[in-house]
Amino acid sequence: MTAAVGTVGGPFGDGTHDVRVAPDIVLSQKYPFVLPPLGYATKAVEPAVDAVTLRTHHERVHAAHVAALNAALAEHAALHAYSLGELLMGLRKWPAAVRPVVRRDGGGHANHALYWKLLAPGAPSAMTPGGKLADMITRDFGSRDALQRALQTAAEAPAGDGWVWLVKTATSRLAVRTLPDEDSPLLEGELPIVGIDVWEHAFTPRYRGRRAEYVQAVLARLNWDVAGAQIE
Ligand code: MN3
């Protein structure tokens, strides 16, 4: 996934995957926004996320966020100069009519793009956090296991539709957040590092509401290089 962006209906299952993905590939996109390719086969992250769920989620749900965002921004030419990251961080500055769409569909676009990158295809790896991120996890959580427990606990919060996040706060600390719907941590000026879409996946047949089990499965194949790249 070294190409900056893909197109709707872009390549699937081409087997290519580059873990050294720039953190802001999608956040730097400007109108018109495009759906990035997964960069791996839809079966490649089974059993954590099954192929049907992955494909539907990418081709329909994520694509719908992109289409809705483009449709709404078509009439707001003044916003075409801003990147997706700027649109989310500056939400309060935009016309009231467009704010809900930027929040829901701009957030949905950015959130899902990061989530796809964070899933490591192929056999579950023994990948662990490294570099600066590893140091920050030790400093702010004590250990990776403690971070995992915090993320699993956060996933159990009765947030309804939402995501569990590991963020870098404005004071450069790591923190776990549970945010509703498609709210991006960027709305509050916090940098997304790990984002786990809880709602849809926690209720697929494989998990049937066992959210902690789903979060554990995702973390077991998390691409920590991608997570680490978010703060480099
Ligand atoms: Mn989703």
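Since we're looking at a predicted model, the values are computed, not measured.

1. Examining the side chain of asparagine 70
- With respect to the helices, strands and loops of the structure, asparagine 70 is situated in helix α1 (residues 51–73).
- Those residues in contact with asparagine 70 that sit more than four places away from it in its chain are Tyr31, Pro32 and Phe33.

2. Here we look at the side chain of histidine 62
- Mapped onto the elements of the fold, histidine 62 is located in helix α1.
- Owing to a relative accessible area of 0%, histidine 62 belongs among the buried residues under this scheme.
- Side-chain polar atoms of histidine 62 contact the side chain of tryptophan 116, separated by 2.9 Å.
- Residues in contact with histidine 62, not counting those within four places in the same chain, are Leu35, Pro36, His57, Gly108, His109, His112, Ala113 and Trp116.

3. Some words on the nonpolar core
- With 43 residues, the main nonpolar core has Leu119, Val194 and Tyr214 as its most contacted residues.
- For this core, the secondary structure elements donating two or more residues are α3 (99–118), α4 (131–141), α5 (144–156), β1 (162–168), β2 (174–180), β3 (191–197), α7 (211–220) and α8 (224–229).
- The contact partners of tyrosine 214, leaving out residues within four places of it in the chain, are Ala48, Val49, Tyr115, Ile196, Asp197, Val198, His201, Ala202 and Tyr207.
- Residues Ile25, Leu69, Leu73 and Val101 belong to the second largest nonpolar core, which totals 22 residues.

What counts, and where the lines are drawn
Residues numbered from 1 in each chain as written. Predicted model: local features only at pLDDT ≥ 70, side-chain atom pairs only at ≥ 80, totals over all residues. Heavy atoms only, no water. Helix = DSSP H or I, 4+ residues; strand = E, 2+ residues; numbered from the N terminus. Contact = heavy atoms within 4.5 Å. Buried < 20%, exposed > 50% of the residue type's maximum accessible area, 1.4 Å probe, protein only. Polar contact = N/O pair within 3.5 Å; in protein donor to acceptor, adjacent residues only side chain to side chain. Core = buried A, V, L, I, M, F, W, Y, C linked by side-chain atoms within 4.5 Å.

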